[in-house]
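Structural description and commentary
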Amino acid sequence: MPNGRYTHHDPHHGTALGEERFSCAPGPAGWRYVSKTYAPDGTVLSTVDLTLDSRSRPLRMELRSGGWQVRGGAVDGVAWVRTDPADPTGAAGQEGHDRAHGFTGESPAFLIATARLLGLAEGAAARVRLVSFTGAALAPRTVDQGWRLAGTEEHPTDTGPLLVERYQVTDLATGEQQEVHLAGDVLLAAPGIELEELESPPNPRPVRGLGQG
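Residues numbered from 1 in each chain as written. Predicted model: local features only at pLDDT ≥ 70, side-chain atom pairs only at ≥ 80, totals over all residues. Heavy atoms only, no water.

Labelled according to an unreviewed UniProt entry, the protein appears under the name Glycolipid-binding domain-containing protein, originating from Streptomyces tateyamensis.

So this is what it looks like as structure tokens:
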């Protein structure tokens, strides 16, 4: 079970935004990732609890940030309930639904989940529709992305060869591109995110996904 720490920083100015302490592992459903993100002063900023099913679809997601809570999962696309911090009972929760493939957000969990969902072979590309939850308010926004597995490299380690995948991710609305490096179910680097600590080796990603039919 990989446990570790990511740091978050402004990708343009390098300003430290906080650190995310995480653990992830395969489980009875498919794969689960849990984390807490802390501000530089130690204040808890957000939490993530994401479980994928055996086909790497979001079986259950729970996000907390700024007093807001979002719970969601795959239901004929994806569905979610966003709870107002002024409504602790959740009676007036805001429900949403979209014919999207999954969710995304600021945590590395979502980059890993999307890569697992697509299951791309080297050189292959796919388009994916995601509902994004970002910022303290966790306001939903639908985004369309293009993913391409640009290359893979094996790196020797004390526990055997480590396969590192290099993805090019494009925001199809703006054309903005970013490069994402993954090793199984651990993010090595992405704009604004760096892996600082890792206590055990990553678990390999599933072979099949949307990108392989």
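We are not done yet, so read on.
It is worth spelling out helix 1 (residues 108-118) at this point. Within helix 1, eleven of the eleven residues are buried, which leaves the element mostly enclosed by the surrounding structure. Turning to helix 1, its buried residues number three or more, namely P108, A109, F110, L111, I112, A113, T114, A115, R116, L117 and L118. One or two positions beyond helix 1, positive phi appears at G119, with a value near 55°. (Buried < 20%, exposed > 50% of the residue type's maximum accessible area, 1.4 Å probe, protein only. Helix = DSSP H or I, 4+ residues; strand = E, 2+ residues; numbered from the N terminus.)

Looking now at the layout of surface pockets. Approximately 1100 Å³ is the volume attributed to the largest pocket. Considering the residues around the largest pocket, the lining is formed by 40 residues, among which G105, E106, S107, T134 and P191 are closest to the centre. Top element by residues in the lining of the largest pocket is strand 4 (residues 44-52). It accounts for four residues. Of the residues in the lining of the largest pocket, the class split is 15 nonpolar, 19 polar and six charged. (1 Å grid on protein atoms, 1.4 Å probe; cavity = no way out; pocket = protein on both sides within 12 Å on 5 of 7 lines; lining within 4 Å. Points joined across faces, edges and corners; volume = space filled by probe spheres on them. Nonpolar A, V, L, I, M, F, W, Y, C, P; charged D, E, K, R; others polar.)

This part covers the packing of aromatic side chains. One pass over the full model with this rule turns up six aromatic pairs. Judged by centre distance (5.4 Å) and plane angle (65°), the ring pair of W147 and Y167 falls under edge-to-face. Here Y167 lies in strand 12 (residues 162-171) and W147 lies in strand 11 (residues 139-155), a separation of 20 residues in the sequence. The pair formed by W147 and Y167 is uniform in burial state, with each residue classed as buried. Linked through ring pairs, Y6, F22, W31 and Y33 together constitute an aromatic cluster. A cation over an aromatic ring shows up here: R82 above the ring of W68, its NZ or CZ 3.8 Å from the ring centre. (Phe/Tyr/Trp six-rings, centres within 6.5 Å; stacked < 30°, edge-to-face > 60°. Lys NZ or Arg CZ within 6 Å of the ring centre and 35° of its normal.)

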